[in-house]
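Summary of structural features
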Amino acid sequence: MASRVLGLLREMMFAALFGGSKWMDCYNLAFRVPNLLRDLFAEGALSQAFITTFSKKQKTEGDVSAWQLANKMMTLAAVFMSFVSLAGIFAAPWIVDLLTALSDSGARQSSPADLAAQAELTVTMVRIMYPFILLVSLAALVMGILNARNVFGIPALSSCFFNLGSMIGGAALGWWIDPSWGKNSLIGFSIGVLIGGLAQLVCQFPALRRAGYQFAADFQWRDSGVRKVLQLMLPAVISASVTQVNVVVNSMFAYGVGEGAVSWLGYAFRLMQLPIGVFGVAIATVTLPALSRAALEGVTPEFRETLGKGLRLVVFFVLPSALGLVLLAEPIISVVFERREFDSVDRIATAGALRAYGYGLLFYAGLKVLQPAFYAIDKRWLPMLCSFLALFLNLGFNWFFVYRLGWGHESLAMTTSIIAIVNFLLLYLAMRVAGGDPGSRKLSIMAGKTILAGMAMAAVCLAANHWIFGDPAHLPILARAAALVATVSVAAAVYFGTAKLVRIEEAHDALNLVLRKFKR
């Protein structure tokens, strides 16, 4: 929660300083590539593959063998990602050409000279930010080690240090380079990305030492454990990060839709990431080591129950978040972003993208729990095959919506939701066929009850839209914020109250957890 809130504050700062400008589009586009590689090789594939292998090795061969694997993987990641970073710096002009291949000078409303200036700035920022992948890959391995040792607090907080480092360091350098907050100040924020990546890595070192780990370079990579991690990574590189790949593709199409579209999608996606980080990723982080240990003897009842519990928790916590983002999109965008350079046009455009993202939010969060379960039972190729299909569908839908129907940036967000829904349903059916049915009947009953609670909550949101938020910009900012907080509080109370009335087990568990925390 802290990480996502800080990430949201970071986007609020960008929105206030740069709004939906073409220069902000350039920054978002430049950050897409290292951010994609982070999900492909670090926090997605590498982290999941390493946790699965490390947990099993620790249980079957002991701590010494597990620490040796950690040293081998840390060394391999440092060497390989250094080469990736250098390659990215060298290839930056071609990368930017690829990202802007779908742009059109008429849609961008820019002269050829202006487009050249945008491309030049984007290349510079790509080169600055590319080494971020090295830092975050090492941070992901450290996170994997700590998670496998049942240490979750500090690794979860590490991304807070990224946001703090990138915000504080980036703002200081941006102001130093250009106090008027022009386009060159974004170079300072690009350097801030590296500062944040370094902070995310270093902040975990004390917890790593307490866990008993001491790094020693080990180049003996011809090892069964390393081979297993790489084997798991190969399909996971595609399957675990399919949504992020689709986000990059969406950004390429958005750059061609018109100025501001990349930024509007970015702001909306950040808001969508908030409930995913608070609930989806948190549940998946705790579930994966337990699934890996439960699957040592195949698909056991313990494995099915653990997976089912994870999915039911996702449904219970994420469904009301999705409803809130869809029904209160404009008031939320107004309170969070609408100030200085971010005007009513930006608010309406970003709200449209947020609604479209919100339709697939529940399934997107569910994938965070469901995809890693296939790696735990060594069925890693199934998510990869589903992801291939998702990538082709994403390209097809984007092309059809933008170039055949002439729809705007909202259609690109809608495509992301459609792909998340299709991907989740295919994987859910595949898990049932593989014998890992996570209690479909129990999940269906619980989902039906949750929808009833969600309908009661939706009534509160719709009433607030009608009676309070006719045009949110007409209210002073403090009144807007107070009205939004009151609406969300009442809606949440109605949701949890209804959930208790219809006897949703997860509502009872959540309430008891909160009460225990207060008693302490």
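Given the structure is predicted, the values throughout are model-derived calculations rather than measurements.

What counts and what doesn't
- Residues numbered from 1 in each chain as written.
- Predicted model: local features only at pLDDT ≥ 70, side-chain atom pairs only at ≥ 80, totals over all residues.
- Heavy atoms only, no water.
- Helix = DSSP H or I, 4+ residues; strand = E, 2+ residues; numbered from the N terminus.
- Rg over C-alpha atoms; globule rule 2.2 N^0.38 Å.
- Buried < 20%, exposed > 50% of the residue type's maximum accessible area, 1.4 Å probe, protein only.
- Contact = heavy atoms within 4.5 Å.
- Areas by Shrake-Rupley, 256 points an atom, 1.4 Å probe, with all protein chains shown as cover.
- Lys, Arg positive; Asp, Glu negative; His and termini not counted.
- Charge placed at Lys NZ, Arg CZ, Asp CG, Glu CD.
- Salt bridge = Lys/Arg side-chain N within 4 Å of Asp/Glu carboxyl O.
- Core = buried A, V, L, I, M, F, W, Y, C linked by side-chain atoms within 4.5 Å.
- Axes fitted to C-alpha atoms, helices over the stretch in contact; angles between N-to-C directions.
- Parallel < 35°, antiparallel > 145°, perpendicular 65-115°, else oblique.
- Left-handed = near helix turned anticlockwise from the far one by under 90°.
- Nonpolar A, V, L, I, M, F, W, Y, C, P; charged D, E, K, R; others polar.
- Phe/Tyr/Trp six-rings, centres within 6.5 Å; stacked < 30°, edge-to-face > 60°.
- Expected span 1.5 Å × (residues − 1).
- Patch = residues over 30% accessible without salt bridge, like charges linked within 9 Å, V, L, I, M, F, W, Y side chains within 5 Å.
- pLDDT = per-residue confidence, 0-100.

1. Here we look at the overall build of the chain
Within the chain one finds 23 helices and zero strands. Against the compact-globule benchmark of 24 Å for 520 residues, the chain has a radius of gyration of 23 Å, which places it among compact chains. Principal-axis analysis of the C-alpha atoms gives the chain an extent of 60 × 60 × 50 Å. Taken over 520 residues, the chain has a buried fraction of 56%. For the chain, the share of sequence-separated contacts (at least 6 apart) that also reach a separation of at least 24 residues comes to 84%. Accessible area for the chain stands at about 21300 Å²; split by element, carbon and sulfur atoms hold 68% of it. For the chain, the distance from the average position of its 42 positive side-chain charges to the average position of its 29 negative side-chain charges is 9 Å.

2. Notes on the pattern of salt bridges
A complete count under the given rule lists 10 salt bridges for this structure. Residue R347 is joined to E330 by a salt bridge in which the shortest nitrogen-to-oxygen separation is 2.8 Å. Pair noted here: R347 is in helix α17 (residues 344-358) and E330 is in helix α16 (residues 329-337), with a separation of 17 residues, a long-range link. The exposure class assigned to R347 is buried, which follows from its relative accessible area of 4%. What makes E330 partly exposed here is its relative accessible area of 21%. As a salt-bridge pair, E338 and R480 come within 3.9 Å of each other at their nearest N and O atoms. One end of the pair, E338, is in the loop between α16 and α17; the other, R480, is in helix α22 (residues 477-501), and 142 residues separate them in sequence. Look at E338 and you get buried, because its relative accessible area is 12%. Taking the relative accessible area as the measure of exposure, R480 reaches 8% and is therefore buried. The network of salt bridges with common partners includes E330, E338, R347, R355 and R480.

3. What about the nonpolar core?
Y27, M73, L186, F189, F303, L307 and F337 are the most contacted members of the largest nonpolar core, which has 149 residues in total. The element that contributes the greatest number of residues to this core is helix α14 (residues 261-294), accounting for 14 residues. Contact partners of F303, with chain neighbours within four places excluded, come to L291, A294, A295, A373, A376, I377 and M431.

4. Here's the deal with the packing of helix α8 (residues 132-148) against helix α10 (residues 185-202)
Viewed as axis vectors pointing N to C, α8 and α10 meet at an angle of 20°, and their least axial separation amounts to 8 Å. With respect to their mutual orientation, α8 and α10 come out roughly parallel. α10 is crossed by α8, and the crossing has left-handed handedness. Packed against α8, whose contacting residues are F132, L135, V136, L138, A139 and V142, the element α10 presents V193, L194, G197, L198, Q200 and L201 at the interface. Grouping the amino acids of the contact of α8 with α10 by side-chain chemistry returns 10 nonpolar, two polar and no charged.

5. Side note on the side chain of T415
Counting through the fold element by element, T415 comes out in helix α20 (residues 409-433). The contact partners of T415, leaving out residues within four places of it in the chain, are N394, F397, N398 and F401.

6. A word on the environment of A268
Looking at where A268 falls in the secondary structure, it is placed in helix α14. Not counting residues up to four positions away in its chain, the partners in contact with A268 are T350, A353, L354 and Y357.

7. With respect to the packing of aromatic side chains
Going through the model one piece at a time under the given rule, you end up with 26 aromatic pairs. Seen from their ring centres, F90 and W94 are 5.9 Å apart, and the 35° between their planes marks the pair as tilted. Each member of the pair, F90 together with W94, is exposed. Seen in terms of ring centroids, W181 and F189 are 6.1 Å apart; in terms of plane orientation they differ by 35°. Their pairing is tilted. Classification of F189 as buried rests on a relative accessible area of 1%. Through a chain of ring-to-ring contacts, the aromatic side chains of F14, F18, Y27, F31, F132, F162, W181 and F189 assemble into a single cluster.

8. Some points on helix α21 (residues 440-467)
Over its 28 residues, α21 runs 40 Å from end to end, which matches the ideal 40 Å to within 8%, given 1.5 Å per residue. The complete set of buried residues in α21 reads S440, L443, M446, T450, A453, G454, M457, A458, V460, C461 and A464.

9. Here we look at a nonpolar patch on the surface
Among the surface-exposed residues, W399, F400, Y403, L405 and W407 lie close enough to one another that they form a single nonpolar patch of about 540 Å² accessible area. Among the structural elements, W399 can be located in helix α19 (residues 381-404).

10. Comments concerning the confidence of the model for the chain
Low-pLDDT portions of the prediction should not be read for the details of their coordinates. In this model, the chain carries a mean pLDDT of 83, and residues with pLDDT of at least 70 account for 91%. Helix α6 (residues 105-108) is the least confidently modelled element of the chain, averaging 47 in pLDDT, while α10 averages 93, the highest of any element.

11. Comments concerning unusual backbone geometry
Phi is positive for R340, close to 50°, though the residue is something other than glycine. Overall, the relative accessible area of 62% leaves R340 in the exposed class. Even without a glycine there, the phi angle at R503 is positive, about 65°. For R503, the position within the fold is in the loop between α22 and α23 (505-519). By relative accessible area, R503 is classed as exposed at 71%.

12. Here we look at the packing of helix α15 (residues 301-327) against helix α18 (residues 361-376)
Direction vectors running N to C along α15 and α18 enclose 160°, while the axes themselves pass 7 Å from each other. By the angle class used here, α15 and α18 are roughly antiparallel. Relative to α18, α15 is oriented so that their crossing is right-handed. In this structure, α15 contributes F303, L307, G310, L311, V314, V315, V318, L319, S321, A322 and L325 to the contact, and α18 contributes L361, L362, A365, G366, V369, L370, A373 and A376.

13. Section: the environment of K57
Structurally, the position occupied by K57 is in helix α3 (residues 45-61). Sequence separation between K57 and L69 is 12 residues, and the spatial gap between their C-alpha atoms is 8.7 Å. With residues near it in sequence (within four places) discarded, K57 still touches G62, S65, A66, L69, S224 and G225.

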